[in-house]
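Tertiary structure, described
What follows is each chain in one-letter form.
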Amino acid sequence: RRPWRYLWIPAGLVALVALVLVLNILRRPQPGEARLNDRDLQYYIWAPPGAFTLGCSPGDNLCREDENPPRTVTIPDGFWAARTEVTVRAYKRFLAQVPSRGMPPEPVFAGRQLNPGWSLENLPMVQVTWEDARSFCQWAGGRLPTEEEWEYAARAGHSGPAYGNLDDIAWYGGNSGDQSFDTEAVLKNGIQAYEQRLAANRNGPHPCALKLPNSFGLYDTLGNVFEWVEDWPNQLSGDDRVLRGGGGWYSSTS
């Protein structure tokens with residue numbers, strides 16, 4: 001159930017990031033209020049209680065089978081959600097205290113390093129496993145969000161397939177490289193041609209919070225990189241876990 005579609009994910013490349021959620025333990029904050037977490041030094045935004053329609057957006061004829069039927073979900077308690085995807089800087093703070101996790105391999109696409117030596121600390125942290133993401137969240141004082149909580153926070157009151165013009169709010173294949181291009185036109189020549197275009201165009205992830213936030217004040221809920229959530233697919237147990245984020249910097253999205 002993803003309110004924003006993506007057309008493909010290249011095999012062999014895993015670009016993942018934890019979205020931290022912290023339960024409210026103090027006074028009831030105001031919607032959109034931000035607080036600094038003194039552990040990871042990231043800001044967290046208050047998502048108030050509410051209800052929303054989970055799944056296929058009205059009028060969206062590109063929904064997949066698992067996005068239907070849409071259903072109303074109530075979030076009875078508000079929560080704190082990280083304002084941005086977890087940065088490399090925040091993850092390094094985590095590893096300084098929990099060194100047993102270790103840094104994952106550096107991200108590479110088509111032979112090009114996307115963050116050499118993990119030196120670009122404002123980029124979102126990628127290549128983490130679900131267990132890594134869960135451990136980070138616990139260290140930061142919270143947990144991974146459920147899929148319902150993630151979609152509620154990502155939509156931020158918007159019922160459509162996106163909360164604004166895609167180029168204004170998200171990094172995706174068409175705008176995350178040196179030049180913008182029509183992803184649909186390139187994809188007509190096949191996935192291999194698309195990957196070659198991404199490689200030649202030097203597409204990659206971008207620093208957090210460069211696009212416009214949603215109504216709650218959260219950045220990059222669409223595009224840039226994927227985010228882990230707590231759930232298994234279809235609420236079943238197993239080895240697989242759910243990823244959200246409406247595609248990523250390499251995805252064809254329109």
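Heads up: the structure comes first, above all this text.
Residues numbered from 1 in each chain as written. Predicted model: local features only at pLDDT ≥ 70, side-chain atom pairs only at ≥ 80, totals over all residues. Heavy atoms only, no water.

Structural notes on the overall build of the chain
Within the chain, the secondary structure is distributed over six helices and ten strands. Out of the 254 residues belonging to the chain, those deemed buried represent 52%. Here the contacts in the chain between residues at least 6 apart in sequence split such that 72% fall between residues at least 24 apart. With an accessible surface of roughly 11,500 Å², the chain has 50% of that area assigned to carbon and sulfur atoms. (Helix = DSSP H or I, 4+ residues; strand = E, 2+ residues; numbered from the N terminus. Buried < 20%, exposed > 50% of the residue type's maximum accessible area, 1.4 Å probe, protein only. Contact = heavy atoms within 4.5 Å. Areas by Shrake-Rupley, 256 points an atom, 1.4 Å probe, with all protein chains shown as cover.)

Thoughts on the packing of aromatic side chains
In the structure shown here, the tally under the stated rule is 13 aromatic pairs. Where F136 meets W139, the ring centres are 5.5 Å apart and the plane angle is 55°; that geometry is what we call tilted. Of this pair, F136 and W139 both sit in helix α2 (residues 130-140), separated by three residues, roughly a single helical turn. Assigned by exposure class, F136 and W139 land together as buried. By the ring-pair criterion, three or more aromatic residues cluster together here, those being F52, F79, Y152 and F216. Taking NZ or CZ as reference, R197 lies 4.5 Å from the ring centre of F181, over its face. Against the face of W171 rests K211, its NZ or CZ located 4.1 Å from the ring centre. (Phe/Tyr/Trp six-rings, centres within 6.5 Å; stacked < 30°, edge-to-face > 60°. Lys NZ or Arg CZ within 6 Å of the ring centre and 35° of its normal.)

Section: the pairing of strand β6 (residues 79-82)
Here β6 shows no split at all, with F79 and A81 on one side and W80 and A82 on the other all buried. Taken together, the four bridges between strand β3 (residues 43-47) and β6 define a ladder with antiparallel strand orientation. Note on β6: the bridge partner recorded for W46 is W80. (Pairing = 2+ DSSP bridges.)

Structural notes on the side chain of T221
In this structure, T221 sits in the loop between α6 (191-200) and β9 (227-228). Overall, the relative accessible area of 7% leaves T221 in the buried class. With near-sequence residues (within four places) excluded, T221 lies in contact with W150, A154, Y163, N214 and G245.

Overview of helix α3 (residues 147-155)
Here α3 lies mainly inside the structure; eight of its nine residues are buried. All of the buried residues in α3 are E147, E149, W150, E151, Y152, A153, A154 and R155. The positive-phi residue at the C-terminal boundary of α3 is A156, with phi of around 50°.

Details of α2
When you tally the buried positions in α2, you get eight out of eleven residues, the bulk of the element. Here α2 has its buried residues at W130, D132, A133, S135, F136, C137, W139 and A140. For α2, the secondary structure elements touched by its buried residues are β3, α1 (88-97) and β9. Phi turns positive one or two residues past the end of α2, at G141, with a value near 100°.

Observations regarding the environment of D168
Examined against the element boundaries, D168 turns out to sit in helix α4 (residues 166-169). Separated by 45 residues in the primary sequence, D168 and P213 have C-alpha atoms spaced 9.3 Å apart.

Quick notes on the nonpolar core
Proteins that are soluble and globular tend to have nonpolar side chains buried together. With 33 residues, the main nonpolar core has Y91 and F136 as its most contacted residues. Within the residue set of this core, elements represented by two or more residues are β3, β6, α1, α2, α5 (183-187) and α6. At six residues, α2 tops the list of elements feeding residues into this core. A47, V73, A156 and F216 belong to the second largest nonpolar core, which has 13 residues in total. (Core = buried A, V, L, I, M, F, W, Y, C linked by side-chain atoms within 4.5 Å.)

Quick look at a nonpolar patch on the surface
A cluster of nonpolar side chains, contributed by L36, L41 and Y43, occupies part of the molecular surface with about 290 Å² of accessible area. Within the secondary structure, Y43 is located in strand β3. (Patch = residues over 30% accessible without salt bridge, like charges linked within 9 Å, V, L, I, M, F, W, Y side chains within 5 Å. Salt bridge = Lys/Arg side-chain N within 4 Å of Asp/Glu carboxyl O.)

Remarks on the environment of G174
With respect to the helices, strands and loops of the structure, G174 is situated in the loop between α4 and α5. Through-space distance from the C-alpha of G174 to that of L198 is 8.9 Å; in sequence the pair is 24 residues apart.

Some thoughts on unusual backbone geometry
Positive phi, close to 50°, is recorded for A156, a residue that is not glycine. Relative to the helices and strands, A156 resides in the loop between α3 and α4. Unlike most non-glycine residues, R202 shows phi in positive territory, near 55°. Among the secondary structure elements, R202 is positioned in the loop between α6 and β9.

Read these as geometric descriptors, not functional statements.
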